[in-house]
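Next come the chains, spelled out residue by residue.
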Amino acid sequence: MIRGNFHTHTVFCDGSNTAEEVVEQALSLGFTHLGFSGHMDPEITMDLAAYDVEIRRLQEKYKGQIDILRGVELDGLFVPGSEEESVLLGNMEYLIGSTHFIEAPSGGETGCVDDNPERLEKFCRQEFGGDYYRLAKVYYELEAEIWERTHCTFVGHFDLVTRFNDQMHFIDEADRRYTGPALETMEYLVSKNLPFEINCGAVNRGRKAELYPNRFLLRNLREMGGEILISSDAHGKELLDGGFDIAVRTAVECGFTHTLFLEHGPDGKVKFRYVPLDS
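Once a new chain begins, its residue numbering starts again from 1 and follows that chain's sequence as written. Under the rules for a predicted model, residues below a pLDDT of 70 receive no local features and side-chain atom pairs below 80 are neither given nor counted, while totals for whole chains, interfaces and linings still include all residues. Calculation of side-chain values draws on the structure's entire complement of heavy atoms; hydrogens and water are dropped beforehand.

**Section: the pairing of strand E2 (residues 33–40)**
And then number 1: Burial of E2 is extensive: 8 of the 8 residues sit out of reach of the surface.
And then number 2: By the alternation rule, side chains of E2 split into His33, Gly35, Ser37 and His39 and Leu34, Phe36, Gly38 and Met40, which are all buried.
And then number 3: Running through helix H1 (residues 19–28), the crossover from strand E1 (residues 4–5) to the neighbouring parallel element E2 is right-handed.
And then number 4: Two strands are counted as paired when DSSP detects at least two bridges linking them. A run of H or I in DSSP becomes a helix once it reaches four residues, and a run of E becomes a strand once it reaches two; helices and strands are each numbered from the N terminus. As paired strands, E2 and strand E3 (residues 67–75) are joined by 8 bridges and run parallel to one another. Bridge pairing links phenylalanine 36 to arginine 70 in E3.
And then number 5: Traced from E2 through helix H2 (residues 48–61) to E3, the parallel crossover comes out right-handed. Buried means the residue's accessible area, taken with a 1.4 Å probe over protein chains only, is under 20% of the maximum for its type, while exposed means over 50%, and partly exposed covers the values in between. Here a crossover is taken to be right-handed if, once the strands point away from the viewer, the path from the first strand over the helix to the second is traced clockwise.

Quick look at the structure:
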C-alpha cells in the first residue's frame with residue numbers, strides 16, 4: 001500500500017479542505033508522509049506567505065506522527081509577482097513542475113489545456129487552425145523546458161494535454177504526430193534525472209479512463225530508465241489515496257518494480273526513498 005501523497009491541494013488554492021483537515025484524513029488512512037503542493041500558475045495562485053506559515057505550523061504540530069512536506073505545484077509559465085514570492089518559492093522543500101498553460105503563437109492570450117473543453121477548442125481554433133497535433137507539439141516543446149523554468153523535483157501529469165480527449169477525441173494518442181513530440185520530450189526530461197509522477201487525479205474523479213502518463217508512455221518511460229512517483233492529485237480529502245490501487249497495478253504491468261517517496265532525511269533535507277511496489 002502507498003502510505004503517502006505528494007500532490008495535494010487545499011483551500012489555499014482550488015482544494016475543498018483546509019490543510020489540517022487533510023492531515024487528519026492522512027492520519028486516518030495510516031499515511032506516514034504527506035506533501036502539500038498548492039498551485040502557483042498564471043490563473044490559480046495562493047497567498048504564499050500564509051501557506052508557508054500554515055504548513056510549517058502543521059509540520060511542528062504533527063511531528064512524530066506524520067512527515068509533512070512543504071511544496072508547490074509550479075506552472076512553467078508562472079511569473080512571481082514580488083521578490084517575497086520568489087524567496088518563498090526558493091525556500092519550498094519540493095516543487096512539482098507542471099504545464100497547464102501554453103503561450104499563443106500569435107502573442108495573444110495564453111491558452112489552458114486543463115480548464116474546460118470549450119476554452120481549449122476555442123484556443124486551438126484561433127491559434128492552431130483547429131489542429132490539435134500542432135497544439136500538442138507546442139505543449140510538449142514547453143514541457144521540455146519545465147526543468148529550466150521551474151527547477152522542479154518531479155514532473156507533474158506529463159500528458160495533461162489529453163485532459164479532454166476521452167470526450168472530444170481530438171487526438172489519436174497512438175498517432176506518431178502525437179507520440180513523436182511526447183517521447184522526445186520524455187527522453188529529454190529523463191536525461192535530466194527527473195522522476196515522472198503517475199497522476200491519479202483524472203481517473204479518481206472519473207474524468208479519464210487512463211492515468212497520466214498513459215500506459216504507452218509509461219512503458220516507454222520504463223524502457224528509458226525513468227523513475228516514477230505515485231500521486232492522487234487530491235483536491236478533496238476524500239480522494240487523498242484515490243486511484244493508488246490502479247496506479248500500482250498499472251506501474252507493475254508497465255515493468256516498474258518500485259516507486260519513489262519524498263521524506264525528510266536525518267539532516268532535515270528532503271530526499272527520495274525507493275518503495276517496492278509489492279510491499
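That shown, we press on.
**Some words on the packing of helix H5 (residues 132–143) against helix H8 (residues 176–191)**
And then number 1: Contact geometry for H5 and H8: axes closest at 9 Å, N-to-C directions at 0 degrees. In terms of axis orientation, H5 runs roughly parallel to H8. Packed against H5, whose contacting residues are Tyr133, Ala136, Lys137, Tyr140, Glu141 and Glu143, the element H8 presents Arg177, Tyr178, Pro181, Ala182, Thr185 and Leu189 at the interface.
And then number 2: Broken down by class, the residue content of the contact of H5 with H8 amounts to 7 nonpolar, 1 polar and 4 charged. Only the stretch in contact is used when a helix axis is fitted, and all axes are lines through C-alpha atoms; the angle between N-to-C directions ranges over 0 to 180 degrees. Our angle categories are set so that under 35 degrees counts as roughly parallel, over 145 as roughly antiparallel, 65 to 115 as roughly perpendicular, and the remainder as oblique. In this description, contact between two residues means that some pair of their heavy atoms is separated by no more than 4.5 Å. Nonpolar residues are Ala, Val, Leu, Ile, Met, Phe, Trp, Tyr, Cys and Pro. Charged residues are Asp, Glu, Lys and Arg, and all others, Gly as well, are polar.

**Digging into the state of the cysteines**
And then number 1: Disulfides are defined in this document as cysteine sulfur pairs within 2.5 Å. Counted according to the given criterion, the structure contains 0 disulfides.
And then number 2: Distance from the sulfur of cysteine 152, which forms no disulfide, to the nearest cysteine sulfur (cysteine 13) is 18 Å.

**Side note on the nonpolar core**
And then number 1: Core analysis: the largest hydrophobic core is formed by 89 residues, its most contacted members being Phe36, Leu48, Val72, Leu135, Phe158 and Ile230.
And then number 2: Among the elements that line this core, the one with the most residues is H5, at 7 residues.
And then number 3: Excluding anything up to four places from it in sequence, isoleucine 230 contacts Ile2, Ile198, Cys200, Phe244, Ala247, Val248, Thr259 and Leu277. We call a set of buried Ala, Val, Leu, Ile, Met, Phe, Trp, Tyr and Cys residues a nonpolar core when their side-chain atoms join them within 4.5 Å.

**Points about the packing of aromatic side chains**
And then number 1: Centres within 6.5 Å are what make two rings of Phe, Tyr or Trp a pair, Trp counting through its six-membered ring; a difference in plane orientation under 30 degrees is then read as stacked, over 60 as edge-to-face, and the rest as tilted. Taken as a whole, this structure holds 10 aromatic pairs when the rule is applied.
And then number 2: Taken together, a centroid distance of 5.5 Å and an interplanar angle of 80 degrees make the contact between phenylalanine 12 and tyrosine 51 edge-to-face. Of this pair, phenylalanine 12 sits in the loop between E1 and H1 while tyrosine 51 sits in helix H2; the two residues are 39 residues apart in sequence, bridging distant segments of the chain.
And then number 3: Residue tyrosine 51 is classed as buried on the basis of its relative accessible area, which comes to 1%.
And then number 4: Taking the centre distance of 4.3 Å and the plane angle of 25 degrees together, the rings of tyrosine 132 and phenylalanine 170 count as stacked. Here tyrosine 132, found in helix H5, pairs with phenylalanine 170, found in the loop between helix H7 (165–168) and H8; they are 38 residues apart in sequence, far enough to count as distant. A single burial state applies to tyrosine 132 and to phenylalanine 170, both of which are buried.
And then number 5: Among the aromatic residues, those joined into a ring-pair cluster are Tyr139, Tyr140, Phe158, Tyr178 and Phe196.
And then number 6: Either the NZ atom of lysine or the CZ atom of arginine qualifies as a charge over a ring when it sits within 6 Å of the ring centre and within 35 degrees of the ring normal. Here the basic side chain of arginine 177 rests over the ring of tyrosine 133, its NZ or CZ set 3.9 Å away from the ring centre.

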